[in-house]
Amino acid sequence: MTMSAGAATAAPTELDAAMRSEPAQVQAVIVIVSRDAGTREVLHRELSKRYGADYQIVACARPAELAAWMRDLRAAGLPVALVIGGVGGQDRDGIEVLGAVRAIDPRVLRVAAISWGDWASARSVFDALTVGTLDHWVDSPAQSPAEEFHRSITDFLREWGSGRPGGFEPVRVIGQRWSARSQELRDLFSRHRIPAGFYDATSERARQMLHDLGLESAELPVVVLRFAAERSTLVNPSNAEIADAFGLMTPIPSGKVFDVAVAGAGPAGLAAAVYASSEGLQTVVVENEAVGGQAGTSSMIRNYPGFSQGISGATLAQEARRQAWTFGTTFMYMRRAESLSRHDDHYQLALSDGSVLAARTVIIASGAAYRRLGTPALEDLQGRGVFYGAAVSEAPAMRGRKVFVAGGGNSAGQAALYLAKWANQVTILVRAASLSDSMSDYLIREIDAAPNVNVCFGVQVADGAGTSHLESLVLADTASGTRRSVPADALFVLIGAQPRTGWLGEAIARDQRGFILTGGDLPAGTGRRWRPARRPLPLETSLPGVFAAGDVRRGSVKRIASAVGEGAAVIPLVHRFLRTTAAARAATGQQHPSLGQHTHDRDSVSGPVNVPLPSTT
Ligand SMILES: Cc1cc2nc3c(=O)[nH]c(=O)nc-3n(C[C@H](O)[C@H](O)[C@H](O)COP(=O)(O)OP(=O)(O)OC[C@H]3O[C@@H](n4cnc5c(N)ncnc54)[C@H](O)[C@@H]3O)c2cc1C
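In this report, we go over the structure that sits alongside the text. (Residues numbered from 1 in each chain as written. Predicted model: local features only at pLDDT ≥ 70, side-chain atom pairs only at ≥ 80, totals over all residues. Heavy atoms only, no water.)

### Brief notes about the overall build of the chain
Which entries qualify depends on this criterion: Secondary structure elements follow DSSP: runs of H or I no shorter than four residues count as helices, runs of E no shorter than two count as strands, and numbering proceeds from the N terminus. A simple rule labels every residue: compare its accessible area, found with a 1.4 Å probe on the protein chains alone, to the largest value its type can have, and call it buried under 20%, exposed over 50%, or partly exposed in between. Residue contacts are counted whenever heavy atoms from the two residues lie within 4.5 Å of one another. Throughout, the Shrake-Rupley method with a 1.4 Å probe supplies accessible areas, and for residues the shown protein chains are the sole cover considered.
Scanning the chain for helices and strands turns up 16 helices and 26 strands. Out of the 617 residues in the chain, the part that is buried amounts to 51%. Sequence-distant contacts in the chain: of pairs separated by 6 or more residues, those separated by 24 or more amount to 67%. Accessible surface for the chain amounts to roughly 27500 Å². Of this, 51% is attributable to carbon and sulfur atoms.

If you want it as structure tokens, here you go:
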């Protein structure tokens, strides 16, 4: 395909050529859109050189025609992977042009190409990224070869390709399209980044597959693992059965005592595993659902240091898992830690499959569950105007916008005041009739004094709508149920987080809301027996040698980077604890002494431990 950049008439010719391609050679398309001939030329040259064999590259000189182009490409069965467009200069409306693409095809990634040094356009692009009008940005190639440019483009294409059905399918699932279990499996495989093909049991293809397997009347879903020499076919399997059949878990020899057992493979647990195993500690991680925890559910994390384009939670989690695995961490997937107890010189974690893990130290990284709004439209708009948590990093992008904060606690009040520095108007949505029971007085007074913050009482968010990003919310009156729609640019949801600590029973001291107390937070004289002569280490719980990291910990900052930081910071403390206990053993000349000699005794694991402290989280 040839390109005569600058000649507006050249574009339709390219489009025609793209649409004439044989179905057998169907390629995805990268569309360039810019009024500026130079921008089109440089982008077309670089993209064709590097991706011409796998993608068709077409350039559109008239943004007004882009929508028609994309519809024509779709009608011709040609999927569009990226639309990359100029911003600034002749493309002053470039952000709006790219933003409109989502309404035509929500799967297409929208990439702004910024000319080097065009800082003014860069600022608007960053704001558009925050509210979800754009997906990515890239510096226009300034030299050839443009490796930085291509590194970004390759990542974008990988991101687009990973969400595409077809191709390599090591796993096939045949199930009822809309059943909860089918959805659950879809989510599970996608969070683990395992390419899985889903076949609706009512389709001809699925019926044939079930027939070939001799499973016409089997209970659904049927999961076929196609990567092993001998294929495994699982009928209506549990998550644990799927994990077992994957063959990734090696049996743990009986009597094995690990140096560290980590409960939870969210960011905190994964970071702990990477550091522990890279520093020679024998480490086992047990994860109940999907590796990545809450972070793994985020389609795009924009505030994790080092990823200026953002990174999907699942990718971040899988990279960390692979890293820990490479260093030698043992993973127990789809198993829940159900209790913690003390035996001789080690702790035992009883797992949901009936097995027991033994370890000299334990890191509790079981995180928290954010209360969700639960409406499908708002879940879909997450990261595109709907944000869970205070999302401080999104605040500057709220300049001039109409913002809502759902929640009546201190965190909601603080978020509202912070957002008000940029937003045109901030409305706090509270279910109760007043803030006095849920928010500190000083915050209530600050909110009263803020000219652009108002509070709406007796309402809850019932629904929302938007194509490229959030455009409106449906608010329901809690008393009458009456609904009204209001225009909205962003919604910050701060309706509470619940720590996942129920499984610990009475074993560990926690605050009233269930968050684990550590280090200096552990009050002296609470009836809890802390036997060691020393004070608890930072991040150490009421049980010596048991640590907590991440969202599960009282006072933790609910951020991925801080969870990772705590996961890393806990490992030197683990070393210290192991050194101390080893020295104690040497001093007493015991072969297998109880740690209780110097740290605690067996009794200290039992007894009432919930400490009536107000929660700060
Ligand atoms: C939708 C969403 C988007 C977010 N986006 C961002 C963002 O962009 N930037 C940011 O900084 N923060 C973000 N956060 C917050 C961030 O994800 C959390 O602060 C972070 O994941 C906390 O990590 P963690 O490891 O402490 O806990 P979690 O992520 O909660 O992980 C805990 C893990 O432990 C497992 N587990 C629980 N109980 C057990 C048990 N008994 N046995 C075995 N395993 C167990 C869970 O299945 C889970 O995988 C977001 C949160 C949500 C919900």
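### Comments concerning the site of the ligand
Counted only if it meets this: Only heavy atoms are used to decide nearness, and a residue is near a molecule or strand if one of them lies within 4 Å of it. Any N or O atom pair separated by 3.5 Å or less is treated as a polar contact, with the protein-specific requirement of one donor-capable and one acceptor-capable atom, and with residues adjacent in sequence counted only for side-chain atom pairs. Note on residue categories: nonpolar means Ala, Val, Leu, Ile, Met, Phe, Trp, Tyr, Cys or Pro, charged means Asp, Glu, Lys or Arg, and polar means any other residue, Gly included.
Neighbouring the ligand are 35 residues; Glu287, Gln294, Asn303, Ala337 and Asp551 lie closest to it. Gln294 has a polar side-chain atom sitting 2.7 Å from an oxygen atom of the ligand. One of the backbone nitrogen or oxygen atoms of Ala295 is found 3.4 Å away from an oxygen atom of the ligand. At the level of elements, α11 (267-278), β11 (283-287), β16 (368-370) and α16 (560-588) are the ones that each hand at least two residues to the shell around the ligand. Across the shell around the ligand, the residue classes tally to 14 nonpolar, 12 polar and nine charged.

### Digging into the side chain of Asp345
The cut-off we apply is this: We score Asp and Glu as negative and Lys and Arg as positive, and we do not count His or the chain ends. Salt bridge, as used here: a side-chain nitrogen of Lys or Arg that lies within 4 Å of a carboxyl oxygen of Asp or Glu.
Take Asp345: it is sitting in the loop between β13 (337-343) and β14 (346-351). One buried charged residue, Asp345, forms no salt bridge at all, with the nearest opposite charge on Arg585 at 4.4 Å. Within the local environment of Asp345, its side chain forms a polar contact with the side chain of His346, the two groups lying 3.2 Å apart.

### Side note on the packing of helix α8 (residues 180-191) against helix α10 (residues 239-246)
Filter applied, for reference: Between the N-to-C directions of two axes lies an angle of 0 to 180 degrees, each axis being a line fitted to C-alpha atoms and, for a helix, fitted only over the stretch in contact. What sets the label is the angle itself: under 35 degrees gives roughly parallel, over 145 gives roughly antiparallel, 65 to 115 gives roughly perpendicular, and the rest give oblique. Left-handed describes a crossing in which the near helix is turned anticlockwise from the far one by less than a right angle; the clockwise case is right-handed.
Look at α8 against α10: their axes get within 12 Å of each other, and the N-to-C directions meet at 40 degrees. Put simply, α8 runs oblique to α10. The chirality of how α8 crosses α10 is right-handed. The residues of α10 that touch α8, namely those facing Arg181, Glu184, Leu185, Leu188 and Phe189, are Asn239, Ile242 and Phe246. Across the contact of α8 with α10, the residue classes break down as five nonpolar, one polar and two charged.

### Re the side chain of Asp259
Checked against the element boundaries, Asp259 lands in strand β10 (residues 257-263). Reaching out from Asp259, the side chain makes a polar contact with the backbone nitrogen of Gln282 at a distance of 2.8 Å. In this structure the side chain of Asp259 is engaged in a polar contact, spanning 3.1 Å, whose partner is the side chain of Arg360. Excluding its chain neighbours within four sequence positions, the residues that come into contact with Asp259 are Gly280, Leu281, Gln282, Arg360, Thr361 and Leu578.

### Regarding the pairing of strand β3 (residues 80-86)
Using the following cut-off: One bridge is not enough; two strands pair if DSSP finds at least two bridges between them.
Among the seven residues that make up β3, seven are buried, leaving the element largely enclosed by the rest of the structure. When strand β1 (residues 28-33) meets β3, the two strands line up parallel, connected through five bridges. Each residue of the ladder has a partner; that of Ile30, found in β3, is Leu82. Pairing between β3 and strand β4 (residues 109-114): five bridges, direction parallel. By the bridge assignment, Ile84 is partnered in β4 with Val111.

### Overview of the sheet that holds strand β18 (residues 402-406)
Here we have five strands laid out as an open sheet, ordered β17-β24-β18-β19-β20, and parallel in their pairing. The open sheet is flanked by β17 (386-388) and β20 (453-457), the only strands paired with a single partner. Within the sheet, the average angular offset between the axes of one strand and its neighbour, ignoring direction, is 20 degrees. As paired elements, β18 and strand β24 (residues 490-493) share four bridges and run parallel to each other. By the bridge assignment, Val405 is partnered in β24 with Phe492.

### Overview of the sheet that holds strand β2 (residues 55-60)
Reading across from one edge, β2-β1-β3-β4-β5 is the order of the five strands in this open sheet, with parallel pairing throughout. The open sheet has two edge strands with one neighbour each: β2 and β5 (136-139). Neighbour-to-neighbour, the strand axes of this sheet turn through a mean angle of 25 degrees, independent of strand direction. Pairing analysis gives four bridges linking β4 to β5, with the strands arranged parallel. Following the sheet pairing, Ile114 is matched in β5 by Asp139. Strands β1, β2, β3 and β4 of the sheet are contacted by helix α2 (residues 37-51), whose axis makes an angle of about 175 degrees with β2. Packed on one face of the sheet, helix α7 (residues 147-162) meets β1, β2, β3, β4 and β5 and runs near 140 degrees to β3.

### Things to note about the environment of Glu169
Within the secondary structure, Glu169 sits in the loop between α7 and β6 (171-175). By relative accessible area, which is 8% here, Glu169 ends up buried. The spacing of Glu169 and Pro195 is 26 residues in sequence and 5.5 Å in space, taken between C-alpha atoms. Apart from the residues within four sequence positions on either side, Glu169 is in contact with Pro195, Gly197, Tyr199 and Arg226. Engagement of the side chain of Glu169 in a polar contact is seen with the side chain of Arg172, the distance being 2.8 Å.

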